[in-house]
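What follows is the residue order along each chain.
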Amino acid sequence: MSVTIKIDHAHKCYGSNVIIEDLSVNIREGEFFTLLGPSGCGKTTLLRMIAGFNSIEGGDFYFNDTRINDIDPSKRRIGMVFQNYAIFPHLSVRDNVMFGLKNQPKKLSKADMLAQTETFMKLMHIEEYADRKPERLSGGQQQRVALARALVIQPDVLLMDEPLSNLDAKLRVEMRETIRSIQRNVGITTVYVTHDQEEAMAVSDRIAVMNLGEIQQIGTPQAIYQRPANLFVASFIGRTNLVDGEIVMENGQAMLRTAGGYTVAIDTLLPEEEKNQPVTVSVRPEEFIISGDDEGIAATVKSSTFLGLNMHYFLTLEDGTDVQVIQEAELDSRLPDGAKIRLRMKQGKINVFCKDGSRNLVRGVTNDNVPKQEA
């Protein structure tokens, strides 16, 4: 049975060092929910508070309607997958997977434990290694053992802490697809911790972007990428170019003016933000257009890289700002180093932030962590 997870005003500190000051979030039943952020942002601390491995200095944690703050970790019905796998080197694959079943409140017969173990080894495609010790397994195979051991007890919640960080790049891609597929198949509420943006985008139903113990934005991968709530999220999720600009009002129309006097009408601003003000513009590399005419921001090609489908250009704007541009690669179309070009923006795609970067000023920004106001 999957559950909802509710965290209400969580507080965590070590002595006088506050890690999480006041954090609230709701995680839906059966959802693959990812805590994403840089090292030290509090994501693993929060995960361990859910698991019961860290004390809770303030706030309430619920599985469905049951407050779990004072429930022993062994009775919270969680499965845990650690960064270092934490499988027992002296036990076979079969015995590692079966280990959790031996410590369940409801005792199972040896036959039932074996049957359940076989089921989850097959689910993870490790049944052929059942009699092997972990030292004879690859990193990916060991991770499958750890995942089978976590799921064999049929927990209500699956918690995963940087489970792919010790694998090579190719194996990480394979394992994240495996984890996502199995999670959908089992339908278990999953909280996943990672600092890898691509990994989070690939596996998650929703992502909570964290920084300095606070949630900056919660949303689907697409929503967070396309409409980040603030400049931190825009810069942390994927690559982006930051360009200084200003909003100027001309005959009631909001215009965005950037380097070199390039001006473009902008129709996506929130009505209350249609006023003269300095801004920071976030433009993804694929949201710049290399112009074939004299319109746009003047730029100089510093270098370029051919990556199969795309050309990656590294440019310098006339005000000295460095930017990256991704364009579809066409035969014999590579711009030489030193070439003088013009850049335009895909107007409907760009994001405009107040000067301090704390707010996105365009329409369409969603944040599932901000309560909706009553009508």
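The structure displayed is predicted, hence computed values, not measured ones.

(A) Just the overall build of the protein, in detail. The number of helices and strands found in the protein is eight helices and 20 strands. Taken along its principal axes, the extent of the C-alpha atoms in the protein is 80 × 55 × 35 Å. Burial analysis of the protein (375 residues in total) assigns 49% to the buried set. Of all intrachain contacts in the protein linking residues separated by at least 6 positions in sequence, the fraction that spans at least 24 positions is 67%. Summed over its atoms, the accessible surface of the protein is roughly 18,100 Å², and 47% of this surface lies on carbon and sulfur atoms. Measuring between centres, the 42 positive side-chain charges of the protein sit 7 Å from its 50 negative side-chain charges.

(B) Fine view of the confidence of the model for the protein. Looking at the protein, pLDDT values average 92 and 98% of them are 70 or higher. Across residues 371–375, confidence stays below pLDDT 50; counting only partners more than four residues off in sequence or on other chains, it has zero contacts.

(C) The arrangement of the packing of aromatic side chains in detail. Inspection of the entire model under this criterion finds four aromatic pairs. Taking 5.3 Å as the distance between ring centres and 45° as the angle between the ring planes, the aromatic pair formed by F32 and Y192 counts as tilted. Taken together, the residues F32 in strand β3 (residues 32–36) and Y192 in strand β8 (residues 189–194) connect sequence positions 160 residues apart. The burial state of F32 is the same as that of Y192; both residues are buried. Geometrically, the ring pair formed by F88 and F99 is tilted, given 4.7 Å between the ring centres and 55° between the ring planes. Of this pair, F88 sits in the loop between β6 (78–81) and α2 (93–98) while F99 sits in the loop between α2 and α3 (110–123), and the two are eleven residues apart along the sequence. On the basis of relative accessible area, F99 is assigned to the partly exposed category, the value being 35%. The lysine or arginine in question, R284, covers the ring of Y225, its NZ or CZ lying 4.0 Å from the ring centre.

(D) Main features of the pattern of salt bridges. Considering all chains together, one arrives at 16 salt bridges under this definition. A salt bridge links D368 to R206; its shortest N-O distance comes to 3.3 Å. In this pair, D368 sits in the segment after β20 (351–354) while R206 sits in strand β9 (residues 206–211), placing the two residues 162 residues apart along the sequence. Judged by its relative accessible area of 34%, D368 is partly exposed. Residue class for R206 comes out buried when judged on its relative accessible area of 4%. For R257, the salt bridge identified is with E250, shortest N-O distance 3.5 Å. Exposure remark for E250: the relative accessible area of 35% places this residue in the partly exposed category. Taken together, the salt bridges that share partners define one network made up of R28, E31, R206 and D368.

(E) Structural detail: the sheet that holds strand β7 (residues 157–161). With mixed pairing, six strands are arranged side by side in an open sheet as β6-β7-β8-β3-β9-β10. Where the open sheet ends on each side, the last strands, each with one partner, are β6 and β10 (214–219). The mean angle between the axes of side-by-side strands here comes to 15°, regardless of whether they run parallel or antiparallel. Relative to β7, β6 runs parallel, the two being bridged by four bridges. The partner of I78 across the bridge, within β7, is V157.

(F) Structural view of the packing of helix α4 (residues 139–151) against helix α5 (residues 169–186). Interhelical geometry of α4 versus α5 gives an angle of 20° and a closest axis separation of 11 Å. In terms of their interaxial angle, α4 and α5 are classed as roughly parallel. You can see that α4 and α5 cross each other, and the crossing is right-handed. Contacts between α4 and α5 involve G139, G140, Q143, R144, L147 and L151 from the former and L171, M175, T178, I179 and I182 from the latter. Its residues assigned to classes, the contact of α4 with α5 comprises six nonpolar, four polar and one charged.

(G) Local environment of the sheet that holds strand β18 (residues 322–328). Strands sit in the order β15-β19-β16-β17-β18 across an open sheet of five strands; the sheet is antiparallel. In this open sheet, the two strands that pair with only one neighbour each are β15 (288–291) and β18. The average angle at which neighbouring strand axes cross in this sheet is 45°, direction not considered. Direction of pairing for strand β17 (residues 310–317) relative to β18: antiparallel, over a ladder of seven bridges. Each bridged residue has a counterpart across the sheet, and for N310 the counterpart in β18 is E328.

Cut-offs and rules
Residues numbered from 1 in each chain as written. Predicted model: local features only at pLDDT ≥ 70, side-chain atom pairs only at ≥ 80, totals over all residues. Heavy atoms only, no water. Helix = DSSP H or I, 4+ residues; strand = E, 2+ residues; numbered from the N terminus. Buried < 20%, exposed > 50% of the residue type's maximum accessible area, 1.4 Å probe, protein only. Contact = heavy atoms within 4.5 Å. Areas by Shrake-Rupley, 256 points an atom, 1.4 Å probe, with all protein chains shown as cover. Lys, Arg positive; Asp, Glu negative; His and termini not counted. Charge placed at Lys NZ, Arg CZ, Asp CG, Glu CD. pLDDT = per-residue confidence, 0-100. Phe/Tyr/Trp six-rings, centres within 6.5 Å; stacked < 30°, edge-to-face > 60°. Lys NZ or Arg CZ within 6 Å of the ring centre and 35° of its normal. Salt bridge = Lys/Arg side-chain N within 4 Å of Asp/Glu carboxyl O. Pairing = 2+ DSSP bridges. Axes fitted to C-alpha atoms, helices over the stretch in contact; angles between N-to-C directions. Parallel < 35°, antiparallel > 145°, perpendicular 65-115°, else oblique. Left-handed = near helix turned anticlockwise from the far one by under 90°. Nonpolar A, V, L, I, M, F, W, Y, C, P; charged D, E, K, R; others polar.

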